[in-house]
Amino acid sequence: MGCTAADVVAALRAAAAVVQEHRDELVRLDQAIGDADHGENMKRGFTAVLSRLDTEPPDTPGKVLKLVATTLISTVGGAAGPLYGTAFLRASAAVGDAAELDRDTVARALQAALDGVFARGKAVVGDKTMVDALTPAVTAAASAEGTVAATLSAAADAAEEGASSTVPMVARKGRASYLGERSAGHMDPGARSTALLLRAFADAAAKS
Amino acid sequence: MTAAASASRVGLVVVSHSDMLANGVAELATQMAPDVTVLPVGGTEEGGLGTDYGAVVEALADADSGAGVVVLYDLGSAKMTAEMAVESADDPSLYKVVDAPLVEGAVAAAVAAQGGAPLPDVASAAEGAAGEAPVSTPTRPTLHLVPDAVSAEVLLTNEVGLHARPAALLARTVAELDADVVVRYGDQEANAASVLALMGLSAPGGKSITVVATGKDAGEAVRRIEELAERGFDD
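What you see is a predicted model; the values in this text were computed from it and never measured.

Student: What is the right way to look at the packing of aromatic side chains in this model?
Tutor: To describe a pair of aromatic rings, one takes the distance between the centres and the angle between the planes. All names here are of chain A. Enumeration according to the criterion identifies one aromatic pair over all chains in this entry. Considering the side-chain rings of F88 and F201, the 6.5 Å spacing of their centres and the 85° angle between planes classify their relative orientation as edge-to-face. Here F88 is found in helix α5 (residues 80–95), whereas its partner F201 is found in helix α9 (residues 189–207), with 113 residues between them in sequence. Each member of the pair F88 and F201 is classed as buried.

Student: Help me understand the pairing of strand β6 (residues 180–185) of chain B, please; the structure alone is not making it clear to me.
Tutor: Put simply, side chains in a regular strand alternate between the two faces of the sheet. Residues and elements named next belong to chain B. Pairing of β6 with strand β8 (residues 208–214) involves five bridges; the strand directions are antiparallel. Residue pairing across strands places V181 opposite A213, the latter belonging to β8. The turn linking β6 back onto strand β7 (residues 188–191) is made up of two residues, and G186 within it adopts a positive phi angle of 60°.

Student: Where do I start with the packing of α5(A) against helix α4 (residues 76–88) of chain B in this structure?
Tutor: Any two packed helices are characterised by the angle at which their axes cross and by the distance between the axes. Closest axis-to-axis distance for the α5(A)/α4(B) pair is 8 Å, and the angle between their directions is 45°. By the angle between their directions, the pair α5(A) and α4(B) is classed as oblique. Here α5(A) contributes P82(A), L83(A) and T86(A) to the contact with α4(B), which in turn contributes S77(B), M80(B), T81(B) and M84(B). Here the contact of α5(A) with α4(B) is built from residues that sort into four nonpolar, three polar and no charged.

Student: It is not clear to me how the UniProt feature "domain: DhaL" (unreviewed entry) in chain A should be interpreted in this structure. Could you clarify?
Tutor: Per the UniProt record, "domain: DhaL" (unreviewed entry) is annotated on residues 6–203 of chain A. Summarising residues 6–203 of chain A: 71% helix, 0% strand, and an end-to-end C-alpha distance of 15 Å.

Student: Got a minute to help me understand the domain arrangement of chain B in this structure?
Tutor: A common measure of how large an interface is: the accessible area buried when the components associate. Residue and element names in this part refer to chain B. The domain architecture assigned to chain B consists of domain 1 (3–128) and domain 2 (143–234). Summarising the inter-unit geometry, the C-alpha centres of domain 1 and domain 2 are found 28 Å apart. Domain 1 puts eight residues into the contact, and the matching count from domain 2 is nine residues. Where domain 1 abuts domain 2, roughly 710 Å² becomes buried across the two surfaces, and 77% of that area is made up of carbon and sulfur atoms. If you sort the residues of domain 1 by the area they bury against domain 2, M32, V111 and G115 come out on top, with a joint share of 58%. In this structure, the connection of domain 1 to domain 2 is made through zero salt bridges. Put simply, domain 1 and domain 2 have one residue pair in polar contact (both at pLDDT 80 or more) between them. The element that contributes the greatest number of residues to the side of domain 1 that touches domain 2 is helix α5 (residues 102–114), accounting for three residues.

Calculation rules
Residues numbered from 1 in each chain as written. Chains lettered and ligands numbered in written order. Predicted model: local features only at pLDDT ≥ 70, side-chain atom pairs only at ≥ 80, totals over all residues. Heavy atoms only, no water. Phe/Tyr/Trp six-rings, centres within 6.5 Å; stacked < 30°, edge-to-face > 60°. Helix = DSSP H or I, 4+ residues; strand = E, 2+ residues; numbered from the N terminus. Buried < 20%, exposed > 50% of the residue type's maximum accessible area, 1.4 Å probe, protein only. Pairing = 2+ DSSP bridges. Axes fitted to C-alpha atoms, helices over the stretch in contact; angles between N-to-C directions. Parallel < 35°, antiparallel > 145°, perpendicular 65-115°, else oblique. Contact = heavy atoms within 4.5 Å. Nonpolar A, V, L, I, M, F, W, Y, C, P; charged D, E, K, R; others polar. UniProt positions renumbered as here; feature names shortened; annotations may be inferred. Domains from an automatic or database assignment. Buried area = accessible area lost by both parts, 1.4 Å probe. Salt bridge = Lys/Arg side-chain N within 4 Å of Asp/Glu carboxyl O. Polar contact = N/O pair within 3.5 Å; in protein donor to acceptor, adjacent residues only side chain to side chain.

Here it is as structure tokens:
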């Protein structure tokens, strides 16, 4: 059984709620090694996503993802805007006009999202960025078996581990890289938000 | 200068996280290049720090008068926003996001654009502002010894000497002509096409510089620089 446009919209509503709940945590993480705006920027972006989903609900999963992309690009303000925007845009292109997303399509969309983040941000694994969460998530999703929910759950588990792995890293990309060695000892806020989003998608898929 | 060149100069867009910073950089660059469109885009729609994708997209279109646009940025995410905006344009080849120091790059690009340089050259001017050794102590045979070189001692009659605005005026004068021009002060030498190099000479008012030109318009180049100095660089 696949995910319809309505399921994807539900997953994004869940993601928006999680971003709202974790706004302060993301701010704190970004305060430690960045410019303290990640929590507020993500909240602003997903609040805008919610209001656009209310006023113009798209009729395919691909269109939902594209609406998320364009909204985040124009409302987030920080690096997360172009990065998540590109990720959702590539995911949208990967799923095409499909009316429902199956397990393989979801795994392919995650891979496309990661490719987009690579292309946009030029970060690699170990740079202490969202790539450190998204890369293991894509690998886990590709080898997961079973339902969409199981695939996303495996991706979320791997992303959480990946986010944790950023704690000892010294940042080589983004604002945190200006801190050099002092960036070690803190989790990367972008890796954390990536893990939060994937967990929200997985939980929503399990309920649908 | 031909009418066509003046009608379609390369434009500049300055993308910053800060509205004040973007405006300040544009102000500085415009002073050096009054006929170049330099559009600042800074801050979020709500007036906070950040970059506004939609505003960058608009600025790109507004800054283009047919010759293309060079885009400068301050920090990483401004670069990403600029690149996304360029990729979304109808013709991305009209826009060039340059990896350059924001202030020096904007000034160098603006002066190059004022002189009618095409897009790749304006982009190079910005990028070249990064590692540029602005002045050099000449080790090769000086241009004095080149047979067709034209040279003159020029007294800087204005108070500030070859400061920012006079340096820009001089560079623009030279850019319009088919001539290679160097300016010497003391034991240092600068390419007259580079505002930053001219400023790096630190030639003060009341002192003389040596202008040496080669090429078809060498005589005209020297004559115009002399005129400029006599007018006190219009200060």
